[in-house]
Amino acid sequence: MILLTGGTGYIGSHVCMALLDAGHDVVAVDNLSNSSRASLERVKSLSGRTVSFWHADIQNEEAIYEILRACGVTAVVHLAGLKAVAESNVAPLTYYENNVLGTMRLVSAMKRANVKSLVFSSSATVYGMPTYLPLDEKHPLRPTNPYGRTKFFVEEMLKDLYKSENDWRIAILRYFNPVGAHESGLIGEDPRGTPNNLLPFVAQVAIGKREKLVIWGNDYNTSDGTGIRDFIHVVDLASGHLCALSHLKEPGLLTANLGTGKGASVLEVVRTFEAVSGRSIPYAIGERRVGDVAVCYADPTLAAARFGWKATRSLTQMCADHWRWQLKNPNGYGGT
Ligand code: UD1
């Protein structure tokens, strides 16, 4: 039995599908602060499997301990956390509380229940400003905002934990830019309010919910002047968790990038989305967003070498699947 924290979120629902498809039993936990139960209902109907759901916060150590014991959990995939960079600048303590303290409580409950296998959702944001590219796991870690620092501190905490008790089996996964949706169009990203990230914003422009995209800067030193990112299909990302989990047979701590190794520019994303949707995406050029880097992409070779994982889906597929989800669910899960 796998405990999946953040199980009703965007990444969580896709990881849940991947786990169920691979034959795992899953118990999902979420505080529903930024997601809805509806995603889990969709996952159940898609997979034809049951998933037990606990409405709980990872900061509630007793609740987590009970779930670990009652459900016979053998490993935890930990995705629960807050993830908006701008919000983390105005509410840093909320971020430290949810992401750092929450993980401390979760891991304490795991230790008490003697469940010592963990896959942790980290982020490429821990690297900060790239000093070289592609970003490999040895790149210095200098996160530039509170959100990134919470991921960094949790990584450090897990490394210290492993040093002190080397029977733990830990995989730290550094995500690049997850986009797209399950090919069924039944689960996908459902941002509350104005989307911060590029793809959900583009999709909402395409469907007519927003008038135009603002491209934050076209004077970067890149081929077309717009920022370049390593967009990765969320289904590929989800399968990375599965591969990491099967790697946790022996004690150890492994940190791996989950990216494609290829960068795409903001304009390339806009053009690709226009092509797959047949809609035009009006845009304007704005100022650079504070904290943005020009170019960021992964060296994904470690994940391939250590646990046999590789992203396979193209940018066209990412946009097509994202569009299918948006078209089928113009209002996401409808606030349910
Ligand atoms: C952002 C976060 C990162 C987080 C990741 C996934 C920042 C600085 N970084 O990454 O920490 O892990 O999301 O949640 O917020 N863009 C536009 N117009 C828009 C939106 C985005 O031009 O309306 C551009 C950005 O300037 C950037 C690219 O699109 O060049 C990707 O932006 P975004 O999707 O927000 O991802 P990141 O900034 O890479």
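Residues numbered from 1 in each chain as written. Predicted model: local features only at pLDDT ≥ 70, side-chain atom pairs only at ≥ 80, totals over all residues. Heavy atoms only, no water.

One open sheet accounts for 7 strands, arranged β3-β2-β1-β4-β5-β6-β11; its pairing is parallel. Of all the strands in the sheet, just β3 (52-55) and β11 (252-258) have a single pairing partner and so form its edges. Taken pair by pair, the neighbouring strands of this sheet meet at an average axis angle of 15°, ignoring direction. Bridging between strand β5 (residues 117-123) and strand β6 (residues 169-175) involves 7 bridges; their strand directions are parallel. Bridge assignment links Ser 123 to a residue of β6, and that residue is Tyr 175. Those strands touched by helix α3 (residues 61-71) are β1 (2-5), β2 (26-30), β3 and β4 (75-78), and its axis lies near 170° from that of β2. (Pairing = 2+ DSSP bridges. Helix = DSSP H or I, 4+ residues; strand = E, 2+ residues; numbered from the N terminus. Axes fitted to C-alpha atoms, helices over the stretch in contact; angles between N-to-C directions. Contact = heavy atoms within 4.5 Å.)

Taken together, 17 residues surround the ligand, and among them Leu 198, Val 214, Arg 229, Arg 289 and Asp 292 come closest. Asn 197 is positioned such that a nitrogen or oxygen atom in its side chain is 2.9 Å from an oxygen atom of the ligand. A distance of 2.6 Å separates an oxygen atom of the ligand from a polar atom in the side chain of Arg 289. Contact with the protein chains hides 88% of the accessible area of the ligand, taken as 740 Å² for the molecule alone. Top element by residues in the shell around the ligand is strand β8 (residues 213-216). It accounts for 4 residues. Grouping the constituent residues of the shell around the ligand by class yields 8 nonpolar, 6 polar and 3 charged. (Near = heavy atom within 4 Å. Polar contact = N/O pair within 3.5 Å; in protein donor to acceptor, adjacent residues only side chain to side chain. Areas by Shrake-Rupley, 256 points an atom, 1.4 Å probe, with all protein chains shown as cover. Nonpolar A, V, L, I, M, F, W, Y, C, P; charged D, E, K, R; others polar.)

This part is about the pairing of β11. Residues in a regular strand project their side chains so that they alternate between the two faces of the sheet. Of all 7 residues in β11, 6 are buried, a share of seventy percent or more. Direction of pairing for β6 relative to β11: parallel, over a ladder of 7 bridges. Looking at the pairing, Ile 172 lines up with Thr 255 of β11. (Buried < 20%, exposed > 50% of the residue type's maximum accessible area, 1.4 Å probe, protein only.)

A few words on the side chain of Asp 321. Of note, Asp 321 is situated in helix α11 (residues 315-328). Excluding residues within four positions of it along the chain, Asp 321 makes contact with Ala 181, Glu 183 and His 233.

Bringing the pattern of salt bridges into the picture now. Summed over all chains, the structure comprises 17 salt bridges. Note that Lys 116 is salt-bridged to Asp 167, the shortest N-O span being 3.2 Å. Here the residue Lys 116 occupies a position in the loop between α5 (92-112) and β5, and Asp 167 occupies one in the loop between α6 (146-164) and β6, the gap between them amounting to 51 residues. The class for Lys 116 is buried, based on a relative accessible area of 15%. (Salt bridge = Lys/Arg side-chain N within 4 Å of Asp/Glu carboxyl O.)

Turning to helix α2 (residues 38-47), its buried residues are Ala 38, Ser 39, Leu 40, Val 43 and Ser 47. A positive phi of about 70° marks Gly 48, the residue just after α2.

Spanning 21 residues, α5 covers 29 Å between terminal C-alpha atoms, matching the ideal 30 Å at 1.5 Å per step. If you look at α5, its biggest bend is around 30°, right at Gly 102. Restricting attention to buried positions, one finds in α5 the residues Tyr 95, Asn 98, Asn 99, Val 100, Gly 102, Thr 103, Leu 106, Val 107, Ala 109 and Met 110. Buried residues along α5 sit in contact with β1, α3, β4, α4 (85-90), β5 and α6. (Expected span 1.5 Å × (residues − 1). Bend = angle between axes of the 7 residues up to and from the residue.)

A word on the packing of aromatic side chains. For the structure on display, the rule yields 5 aromatic pairs. Considering the side-chain rings of Tyr 127 and Phe 176, the 6.5 Å spacing of their centres and the 35° angle between planes classify their relative orientation as tilted. Of the two residues, Tyr 127 is situated in the loop between β5 and α6 and Phe 176 in the loop between β6 and β7 (177-179); the sequence distance between them amounts to 49 residues. The class of Tyr 127 is buried, set by a relative accessible area of 0%. Pairing Phe 152 with Phe 153 gives two aromatic rings, centres 5.5 Å apart and planes at 55°, and the pair type is tilted. Here Phe 152 falls in the buried class, since its relative accessible area comes to 18%. (Phe/Tyr/Trp six-rings, centres within 6.5 Å; stacked < 30°, edge-to-face > 60°.)

Tracing the sequence through the fold places Pro 282 in the loop between α9 (266-277) and β13 (283-286). Note: C-alpha distance between Pro 282 and Arg 210 (72 residues apart in sequence) is 9.7 Å.

Our next topic: the packing of helix α7 (residues 198-206) against α9. With their axes 11 Å apart at the nearest point, α7 and α9 run at an angle of 40° to one another. When the interaxial angle is binned, α7 and α9 end up oblique. Between α7 and α9 lies a crossing whose hand is right-handed. Residues Leu 198, Leu 199, Val 202, Ala 203 and Ala 206 of α7 lie in contact with α9, whose contacting residues are Val 266, Val 269 and Phe 273. Across the contact of α7 with α9, the residue classes tally to 8 nonpolar, no polar and no charged. (Parallel < 35°, antiparallel > 145°, perpendicular 65-115°, else oblique. Left-handed = near helix turned anticlockwise from the far one by under 90°.)

In short, geometric facts, not functional conclusions.
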